[in-house]
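Here are the chains, one letter per residue:
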Amino acid sequence: MKKITIIGAGTMGNGIAHVFAIHGFNVKLFDIHEGSLDRAIKTIEKNMSRQVEKGILTTTEAESSLGNIELVNEMNLAVKSADLVIEAATENEDLKIEIFKEISTLVSSDTILATNTSSISIGKIAAISKHPENVIGMHFMNPVPVMKLVEIISGYKTSIKTKETVENLSKKLGKIPVSCNDYPGFVANRILMPMINESIQCLQNGVAGVAEIDSIMKLGMSHPMGPLQLADFIGLDVCLSILNVLHKGFGDSKYSPNPVLVNLVTAGDTGVKSGKGFYDYSNGLKNPTVSYNNH
Ligand SMILES: NC(=O)c1ccc[n+]([C@@H]2O[C@H](COP(=O)([O-])OP(=O)(O)OC[C@H]3O[C@@H](n4cnc5c(N)ncnc54)[C@H](O)[C@@H]3O)[C@@H](O)[C@H]2O)c1
């Protein structure tokens, strides 16, 4: 396992590329949008400089790590000699199925195909792949360079060999792999998203404002970040997609996305990545001001 390809260079793709690169892997980062690749490499550079300032990396290590990353804008070139492909494109089932259909015709029969999906069925993705035994969920947490967990999700046909390989690989990255089975939202988002949705419900009902809801949850539950700010960091569009998968997958109205979330995403206020969500980040990530305004 030396050659890793990441499909999708957004919030998660750049973080995953960063972590593999600093551990000496050869990383190819692919995105259909040229702009995403440019943004990703700038973000990786900035985050590595921060690690140098904190003494986590030396300048030489940061430079050589950056040199381990190649930006690629053609799928065939990106995946054809990969040992492992990790798909981290937009959380959309049809899109992921199209990507896996294409990748599975381009890679060798022993390439492991992982998806970083937060909620979508590994089985559905595996079913359209040529080698379903090689398909697995490798769910990194945001921000990837900081968070220890990798939720490993086996589909019905995922082989033990594939599972053990990605578990060992996660450990080589300094992460802690924890396994679970293939049900909508797996474990992390099946529990997290209803909490975020309920926080938005509190906001909509006027129980408290954005800052108050987040403060109560931070101070009362020792959460490092309130649920509304966390939703901004995840991406409100990503939260909406995950809730839709939970709602459809379980057919239970408790997962129905709150209309405030739908409105914010429709308005393009998707959180940190757009500069605004429940908070406004124009003064930087450390000094957000409340942006949500119910008129
Ligand atoms: N944001 C989080 O906190 C978080 C955490 C864990 C897992 N995830 C999962 O990671 C995946 C990516 O999420 P994100 O937050 O990085 O999203 P994002 O919106 O920041 O980035 C998605 C990227 O995918 C690219 N893309 C879209 N279609 C593509 C295609 N056909 N081929 C290649 N690239 C394509 C987009 O250009 C964009 O750069 C999703 O499945 C999401 O559920 C997100």
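### Quick look at the pattern of salt bridges
Part 1 of the argument: All chains considered together, the criterion is met by six salt bridges.
Part 2 of the argument: The shortest N-O distance in the salt bridge between Lys96 and Glu91 comes to 3.9 Å. In this structure, Lys96 and Glu91 share a single accessibility class: buried.
Part 3 of the argument: Here Asp237 and Lys273 are joined by a salt bridge, their closest N and O atoms 3.0 Å apart.

### Some points on the domain arrangement of the protein
Many structure descriptions define interface size as the accessible area lost when the parts assemble.
Part 1 of the argument: By domain assignment, the protein separates into domain 1 (3–181) and domain 2 (190–289).
Part 2 of the argument: When each unit is reduced to the centre of its C-alpha atoms, the spacing between domain 1 and domain 2 is 25 Å.
Part 3 of the argument: Between domain 1 and domain 2 lies a buried interface of about 520 Å² when both sides are counted; carbon and sulfur atoms form 58% of it.
Part 4 of the argument: On the surface where domain 1 and domain 2 come into contact, there are two residue pairs in polar contact (both at pLDDT 80 or more).
Part 5 of the argument: Looking at the side of domain 1 that touches domain 2 residue by residue, the classes come out as one nonpolar, three polar and one charged.

### Some remarks on helix 8 (residues 188–204)
In an α-helix, one turn spans 3.6 residues; hence positions three or four apart end up facing the same way.
Part 1 of the argument: Across its 17 residues, helix 8 extends 24 Å between first and last C-alpha, which sits within 8% of the 24 Å expected from 1.5 Å per residue.
Part 2 of the argument: Residues of helix 8 that are buried: Asn189, Met193, Ile196, Asn197, Ser199, Ile200 and Leu203. Here the buried residues of helix 8 occupy an arc of 155° about the axis, which is enough to place them on one side.
Part 3 of the argument: One or two residues past the end of helix 8 sits Gly206, with phi positive at roughly 75°.

### Considerations on the site of the ligand
Part 1 of the argument: Surveying the vicinity of the ligand reveals 27 residues, the closest of which are Asp31, His33, Glu91, Ser118 and Ile234.
Part 2 of the argument: Contact between the ligand and Asn116: an oxygen atom at 2.9 Å from a side-chain N or O atom of the residue.
Part 3 of the argument: Elements that contribute at least two residues to the shell around the ligand include exactly helix 1 (11–22), helix 5 (93–106) and strand 6 (135–140).
Part 4 of the argument: Top contributing element to the shell around the ligand by residue count: helix 5, with three residues.
Part 5 of the argument: Here the residues of the shell around the ligand sort into twelve nonpolar, eleven polar and four charged.
Part 6 of the argument: Each of domain 1 (3–181) and domain 2 (190–289) contributes no fewer than three residues to the shell around the ligand.

### Brief notes about helix 11 (residues 236–250)
Part 1 of the argument: Over its 15 residues, helix 11 extends 21 Å from the first C-alpha to the last, a length consistent with the 21 Å expected when each residue adds 1.5 Å.
Part 2 of the argument: On its buried face, helix 11 is in contact with helix 8, helix 10 (227–234) and helix 12 (259–266).
Part 3 of the argument: One or two positions beyond helix 11, positive phi appears at Gly251, with a value near 60°.

### Things to note about the packing of helix 11 against helix 12
In a packed pair of helices, the relevant descriptors are the angle between the two axes and the axis-to-axis distance.
Part 1 of the argument: At a closest axis distance of 9 Å, the pairing of helix 11 and helix 12 adopts a crossing angle of 135°. On the basis of the axis angle, helix 11 is oblique to helix 12. For helix 11 against helix 12, the interelement crossing comes out left-handed. Counting all contacts with helix 11, which are made through Leu236, Asp237, Cys239, Leu240 and Leu243, the residues of helix 12 involved are Leu261, Val262, Leu264 and Val265.

### Some remarks on the packing of aromatic side chains
Part 1 of the argument: For the structure shown, the criterion picks out six aromatic pairs.
Part 2 of the argument: Centroid distance Phe20 to Phe25: 5.2 Å. Interplanar angle 85°. Geometry classified as edge-to-face.
Part 3 of the argument: Each ring, one from Phe233 and one from Tyr281, has its centre 6.1 Å from the other, and the planes form 90°; the classification is edge-to-face. Here Phe233 is found in helix 10, whereas its partner Tyr281 is found in the loop between strand 9 (279–280) and strand 10 (289–290), with 48 residues between them in sequence.

### Quick look at the side chain of Thr270
Part 1 of the argument: Residue position: Thr270 is located in the loop between helix 12 and strand 9.
Part 2 of the argument: Ignoring anything within four residues of it in the chain, the contact list for Thr270 reads Asp232, Gly235, Leu236, Asp237 and Lys276.

### Overview of the nonpolar core
Part 1 of the argument: Ile6, Phe20, Ile86, Met138 and Phe140 are the most contacted members of the largest nonpolar core, which has 34 residues in total.
Part 2 of the argument: In terms of residues, this core owes the most to one element, helix 1, which gives six residues.
Part 3 of the argument: When neighbours within four sequence positions are excluded, Ile6 is seen to be in contact with Gly13, Ile16, Ala17, Phe20, Val27, Lys28, Leu29, Phe30, Ile86 and Ala88.
Part 4 of the argument: By size, the runner-up hydrophobic cluster in this structure holds 24 residues, among which are Leu243, Leu261, Tyr279 and Tyr281.

Rules and cut-offs
Residues numbered from 1 in each chain as written. Predicted model: local features only at pLDDT ≥ 70, side-chain atom pairs only at ≥ 80, totals over all residues. Heavy atoms only, no water. Salt bridge = Lys/Arg side-chain N within 4 Å of Asp/Glu carboxyl O. Buried < 20%, exposed > 50% of the residue type's maximum accessible area, 1.4 Å probe, protein only. Domains from an automatic or database assignment. Buried area = accessible area lost by both parts, 1.4 Å probe. Polar contact = N/O pair within 3.5 Å; in protein donor to acceptor, adjacent residues only side chain to side chain. Nonpolar A, V, L, I, M, F, W, Y, C, P; charged D, E, K, R; others polar. Helix = DSSP H or I, 4+ residues; strand = E, 2+ residues; numbered from the N terminus. Expected span 1.5 Å × (residues − 1). Arc of directions from axis to C-beta. Near = heavy atom within 4 Å. Contact = heavy atoms within 4.5 Å. Axes fitted to C-alpha atoms, helices over the stretch in contact; angles between N-to-C directions. Parallel < 35°, antiparallel > 145°, perpendicular 65-115°, else oblique. Left-handed = near helix turned anticlockwise from the far one by under 90°. Phe/Tyr/Trp six-rings, centres within 6.5 Å; stacked < 30°, edge-to-face > 60°. Core = buried A, V, L, I, M, F, W, Y, C linked by side-chain atoms within 4.5 Å.

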